[in-house]
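# Fold and geometry: a report
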Amino acid sequence: MKKILILFMLMFISLPAFSAIDTWVNTNPYKEYDKAIKLERVHSAFYDKDGISIEKNMFKFKYSYKEGNPYEYIVTNNTGKDIILKGIDSEYHANKNVSRKSHWTRVNVRYLKYWQTYIPLVAEYNGVRGDIEKTPYLYDFPKNYKLKEGESLRILAMGLEMDKIQTITFIFEGEKDDLIITF
């Protein structure tokens, strides 16, 4: 009986570590989110070079503010031809990036450190509202996405750094070399 209990505990402890990498466990494919964002905007920045313009907006959650910061990236193709977004790489985001890394398990662990988690009705109320609020920001980053001339792509991300503005790296397919933009 002890062996079964130990095996069960090892499986329970190691599951989040394995699911952060394995695609068949942690698959949340990219979906384009077309609804308006009703959160408070904290920061905005713009990038415009080589015909590619990127707008970055950072917001603040109402209910999930202890778990991360929501970001919105709007990528617009003004190059005069179709381009392919091969992928996005990030250091510390909950979304799965091009190298198949994700930190989504840390989002759930963060929630367990606060006292509101352990009060029955408060935990359910805030937890459900927080899950509804953060769900659009947890989808994987797009891979091999064809961006037509004049088309825009909206990407939502959840950054896990609470005290600074994070950057991500866009990797576009080029004629000779890949175009890499860190913004």
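Everything here concerns the structure above.
Residues numbered from 1 in each chain as written. Predicted model: local features only at pLDDT ≥ 70, side-chain atom pairs only at ≥ 80, totals over all residues. Heavy atoms only, no water.

### With respect to the environment of tyrosine 92
- Looking at where tyrosine 92 falls in the secondary structure, it is placed in the loop between strand S4 (83-90) and helix H2 (104-111).
- Taking the C-alpha atoms as reference points, tyrosine 92 and methionine 158, 66 residues apart in sequence, are found 9.0 Å from one another. (Helix = DSSP H or I, 4+ residues; strand = E, 2+ residues; numbered from the N terminus.)

### What about the environment of asparagine 144?
- Within the secondary structure, asparagine 144 is located in the loop between helix H3 (120-134) and strand S5 (145-147).
- In this structure asparagine 144 comes out as exposed when scored by relative accessible area, which is 59%.
- Separated by 46 residues in the primary sequence, asparagine 144 and valine 98 place their C-alpha atoms 9.7 Å from one another.
- Residues contacting asparagine 144, with those up to four places away along its chain left out, are Ile84, Leu85 and Lys86. (Buried < 20%, exposed > 50% of the residue type's maximum accessible area, 1.4 Å probe, protein only. Contact = heavy atoms within 4.5 Å.)

### A word on the pairing of strand S1 (residues 40-49)
- The pairing of S1 with strand S2 (residues 52-60) spans nine bridges and is classified as antiparallel. Residue pairing for S2: tyrosine 47 is matched across the bridge by isoleucine 54.
- Following S1, the chain reverses through two residues before pairing antiparallel with S2; aspartate 50 in that reversal takes a positive phi of roughly 55°. (Pairing = 2+ DSSP bridges.)

### Overview of the pattern of salt bridges
- For the structure on display, the rule yields five salt bridges.
- For the salt bridge of lysine 134 with glutamate 67, the shortest nitrogen-to-oxygen distance reads 2.4 Å. Of the two residues, lysine 134 sits in helix H3 while glutamate 67 sits in the loop between S2 and strand S3 (69-77), which places them 67 residues apart along the sequence. No difference in accessibility class separates lysine 134 from glutamate 67, as the two residues are buried.
- Salt-bridge contacts for lysine 86 lead to aspartate 178; the nearest nitrogen and oxygen are separated by 2.9 Å. Linking lysine 86 in strand S4 with aspartate 178 in the loop between strand S7 (168-172) and strand S8 (179-182), this pair joins segments that are 92 residues apart in sequence. (Salt bridge = Lys/Arg side-chain N within 4 Å of Asp/Glu carboxyl O.)

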